[in-house]
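Listed below, chain by chain, are the residues.
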Amino acid sequence: MNSTLTHLAMVFGGLSLLAIGGGSSLLPEMQSVCVANGWTTPEQFSETYSLGQVAPGPPMTMVVLLGYHAAGWMGALVVLLAFFTPACALTWGAARLWDRFADSPWRQALEDGLAPISIGLLLSGVFAVGQAAIKDSLTVTLALVALVLALWKNPSPALLVLGSGLIAFLGSLLGT
């Protein structure tokens, strides 16, 4: 158990420092590591991600559930601290420097360079979660409808997840 906790701390501590553009940019790597170590299945990872989207607070608190899957309550605590502490410390330090160099031309160049990287990482996260979640014609339809609604009306992501979950549940009861 102790080696699992150490492994969780190393994995999630390292991932926290790679979260360029937000925690969602880490989803493909996080899913890969969690599945490879037997902490979750691809389906469990997708479900955990969905729960993180509808739960109050930041969506990446889903990592606590991943830690729980791997090693119970101690795993949840280790992952919580390992994932959020390094990123918070780095962000605090970077924010102090960022303000100091507000008028520097390299600051704007850095922002311009990181924007497309962030978008690419977020799209890879969508792809990773979509591969596990989209399995049949119903889930394809739900994904497309959610995409259209998100682009057209900009509803709360929580409403999209809850509505899709309800429709999928009703579909499973009806045998579709």
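Before reading on, note that the structure itself is shown above.
Values in this document were obtained by computation on a predicted structure and should not be read as measured data.

A.B. asks: Lay out the side chain of Thr139 in plain terms, naming residues and giving numbers.
C.D. replies: Relative to the assigned elements, Thr139 resides in helix H6 (residues 137-152). You can call Thr139 buried: its relative accessible area is 19%. With residues up to four places along the chain from it excluded, the contact list for Thr139 reads Ala133 and Ile134.

A.B. asks: Before we move on, can you summarise the packing of aromatic side chains with the specific residues and values?
C.D. replies: Here the structure, examined in full by the defined rule, presents six aromatic pairs. Arranged with centres 5.1 Å apart and planes meeting at 90 degrees, the rings of Phe83 and Phe84 form a pair that is edge-to-face. Each residue in the set Phe12, Trp39, Phe83 and Phe84 is aromatic and connected to the rest through ring pairs, giving one cluster. Taking the ring centre of Trp152 as reference, the NZ or CZ of Lys153 above it sits at 4.6 Å.

A.B. asks: So, the environment of Gly22: which residues are in play, and what are the values?
C.D. replies: Along the polypeptide, Gly22 turns up in the loop between helix H1 (2-16) and helix H2 (27-36). Relative accessible area serves as the criterion here: at 29%, Gly22 is assigned to the partly exposed category.

A.B. asks: Explain the packing of H2 against helix H5 (residues 105-133) residue by residue, including any values.
C.D. replies: Between two packed helices, both the angle of their axes relative to each other and the distance between the axes serve to describe the pair. For the pair H2 and H5, the least separation of the axes is 7 Å and the interaxial angle reads 45 degrees. Classified by the interaxial angle, the pair formed by H2 and H5 is oblique. Across from Leu27, Pro28 and Gln31 in H2, the residues of H5 making contact are Ser124, Gly125, Ala128, Val129 and Ala132. Residues of the contact of H2 with H5, tallied by class, amount to five nonpolar, three polar and no charged.

A.B. asks: Outline the pattern of salt bridges, supporting the account with residue identities and numerical values.
C.D. replies: Counting across every chain of the model gives one salt bridge. The partner of Arg107 in a salt bridge is Glu111, with the nearest N and O atoms 3.5 Å apart. Of this pair, Arg107 and Glu111 both sit in helix H5, four residues apart, which is roughly one turn of the helix. With relative accessibility at 31%, the residue Glu111 sits in the partly exposed group.

Rules used throughout
- Residues numbered from 1 in each chain as written.
- Predicted model: local features only at pLDDT ≥ 70, side-chain atom pairs only at ≥ 80, totals over all residues.
- Heavy atoms only, no water.
- Helix = DSSP H or I, 4+ residues; strand = E, 2+ residues; numbered from the N terminus.
- Buried < 20%, exposed > 50% of the residue type's maximum accessible area, 1.4 Å probe, protein only.
- Contact = heavy atoms within 4.5 Å.
- Phe/Tyr/Trp six-rings, centres within 6.5 Å; stacked < 30°, edge-to-face > 60°.
- Lys NZ or Arg CZ within 6 Å of the ring centre and 35° of its normal.
- Axes fitted to C-alpha atoms, helices over the stretch in contact; angles between N-to-C directions.
- Parallel < 35°, antiparallel > 145°, perpendicular 65-115°, else oblique.
- Nonpolar A, V, L, I, M, F, W, Y, C, P; charged D, E, K, R; others polar.
- Salt bridge = Lys/Arg side-chain N within 4 Å of Asp/Glu carboxyl O.

Without other data, these values stay purely geometric and don't point to any function.
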